[in-house]
Amino acid sequence: METGQAASKKPFEAVVRERGATVLRVCRAILGVHDADDAWSDTFLAALQAYPDLPVGANVEAWLVTIAHRKCIDHLRAGARRALPVEQPPEQPTRLGLPGERDTELFDAVAQLPPKQRQAVAYHFLAGLPYKEIGALLGSSPEAARRAGADGVKALRAAIQTRASLVHLSSKGEIQ
Amino acid sequence: MTVDPSPGHTEVLSFLEPLNVALEPALAGLHARLARDAQLTHTLDIAYRTVDSPVGKLLLAATDRGIIRVAFELENHDSVLQLLADTVSPRILEAPSRLDDAARELEEYFAGTRRDFDLILDFRLSRGFRLNVLRHLPRIPYGNTASYAQVAQAAGSPNAVRAVGTACATNPLPVIVPCHRVVKSDGSFGGYLGGPEAKRALLTLEAAA
């Protein structure tokens, strides 16, 4: 049975069930909640298409993150193309986070990160990719990727602490 | 001090916790969308679903050519799907719509209101004499039985009684291809993929209707 498992590939359904959540978290971190759905769909459809060619024993999660990385970039570029300059930009809801959610500030904090920091944090901490592979994805050295990840974490921590102090202030005098 | 090798990791994950908002419902919707997109772009080689029945949960799987597999719980649905991945294609998704007709006809069959199945079948998992036997089985009328020897004769190899037994025991499309109607010459049930109780239940159902 063990040799059989080593020589075979799981049904794609199992890949979706096991990795779908991680890929969605990564897409959300890169694109925000709204556009993440489209990037997730593009990622898994492309993965399904290519699945028979994936070598047996390959790191499925790293493979999926690589595809998601490209699909997210496609979405960012398409978004930039769609954004035609107008005289009076219409008021827009934030594309990151759910309106009214108490954690919107946090999505904003992630969104405020420069793209490389956001990607490095998502790929390393959500998908568990080593910085060597992240560097390859981002076209930079492993050290630069590691630095981007560390800077991203630092910025997030600062944003969280600011928020925490605000929450603390606003709840002053309230009975818990 | 903690001995956690990466003390920052848990902390960072707590920063990113908001990314989990309504994750499960989002994934359910995305799965359905993937199944639809895969079907439309012809990238879904095998669609499957399960249906409840009086003989337990049945797995139904279909290629674009037709229904390729029906499996009892006793066969272990995960193993059956893995075998399909190994032998046909790993591009497999739970995608119920391709099996709507099969599910409806099975429901009618178990309700006693359907005697014959009108479904397109993909016989690619069976070859040679076994395939011969399977193609012959639907000729045993609903509510009747035939012996292994009779089926061997009808399939053109009167001496291949044991091979008929094997063909029935490895029928990839039980219930729809009625191997449960093949019994021993002495009238006893003989073996069955879904277990002897399932075979008894199917024959009892057909006798009553």
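Residues numbered from 1 in each chain as written. Chains lettered and ligands numbered in written order. Predicted model: local features only at pLDDT ≥ 70, side-chain atom pairs only at ≥ 80, totals over all residues. Heavy atoms only, no water.

Turning next to the overall build of chain B. Assigned secondary structure in chain B consists of 8 helices and 6 strands. Helices and strands in chain B line up, N terminus first, as α-α-β-β-β-α-β-α-α-β-α-α-β-α. Out of the 209 residues in chain B, the part that is buried amounts to 48%. Accessible surface, chain B as shown: approximately 10,400 Å² in total, 51% of it carbon and sulfur. (Helix = DSSP H or I, 4+ residues; strand = E, 2+ residues; numbered from the N terminus. Buried < 20%, exposed > 50% of the residue type's maximum accessible area, 1.4 Å probe, protein only. Areas by Shrake-Rupley, 256 points an atom, 1.4 Å probe, with all protein chains shown as cover.)

This part takes up the pairing of strand 2 (residues 58-62) of chain B. Regular strands place side chains that alternate from one sheet face to the opposite one. All names here are of chain B. Burial within strand 2 is extensive, with 5 of its 5 residues counted as buried. Judged by which residues are buried, strand 2 turns out to be covered on both faces: L58, L60 and A62 on one side and L59 and A61 on the other are all buried. Across 5 bridges, strand 1 (residues 46-51) lies against strand 2 in antiparallel orientation. Pairing of A47 across the sheet is with A62, part of strand 2. Counting the residues between successive antiparallel strands, the hairpin from strand 1 to strand 2 contains 6 residues, one of them, G56, with a positive phi of roughly 95 degrees. Pairing between strand 2 and strand 3 (residues 67-72): 5 bridges, direction antiparallel. (Pairing = 2+ DSSP bridges.)

Moving on: the environment of Y51(A). Take Y51(A): it is sitting in the loop between helix 3 (33-50) and helix 4 (60-82). The exposure class assigned to Y51(A) is buried, which follows from its relative accessible area of 2%. If we skip the residues at most four places from it in the chain, Y51(A) touches K9(A), K10(A), P11(A), F12(A), V15(A), W63(A) and P90(B). A distance of 2.6 Å separates a polar atom in the side chain of Y51(A) from the backbone oxygen of K10(A). (Contact = heavy atoms within 4.5 Å. Polar contact = N/O pair within 3.5 Å; in protein donor to acceptor, adjacent residues only side chain to side chain.)

Moving on to the confidence of the model for chain B. Of all residues in chain B, 97% have pLDDT values of 70 or greater, and the mean over the chain is 93. With pLDDT under 50 throughout, residues 1-5 of chain B is counted as low confidence; its partners more than four residues away or in other chains account for 2 contacts. (pLDDT = per-residue confidence, 0-100.)

Here the focus is the sheet that holds strand 2 of chain B. Note: strands within a sheet are paired through backbone hydrogen bonds, in either parallel or antiparallel orientation. Residue and element names in this part refer to chain B. If you walk across this open sheet you meet the 4 strands as 3-2-1-4, and the pairing is mixed. The open sheet has two edge strands with one neighbour each: strand 3 and strand 4 (92-94). Within the sheet, the average angular offset between the axes of one strand and its neighbour, ignoring direction, is 25 degrees. The pairing of strand 1 with strand 4 spans 3 bridges and is classified as parallel. Counterpart to A47 in the pairing with strand 4 is L93. (Axes fitted to C-alpha atoms, helices over the stretch in contact; angles between N-to-C directions.)

Moving on, we get to the interface of chain A and chain B. Taken together, the contact pairs 38 residues of chain A with 32 residues of chain B. For the pair chain A and chain B, the two sides together bury roughly 3,300 Å², of which 71% comes from carbon and sulfur. The largest contributions to the chain A side of the interface with chain B come from E13(A), L48(A) and F125(A), which together make up 17% of the buried area. Across the pair R157(A) and E11(B) runs a salt bridge, and its minimum N-O distance is 2.6 Å. (Buried area = accessible area lost by both parts, 1.4 Å probe. Salt bridge = Lys/Arg side-chain N within 4 Å of Asp/Glu carboxyl O.)

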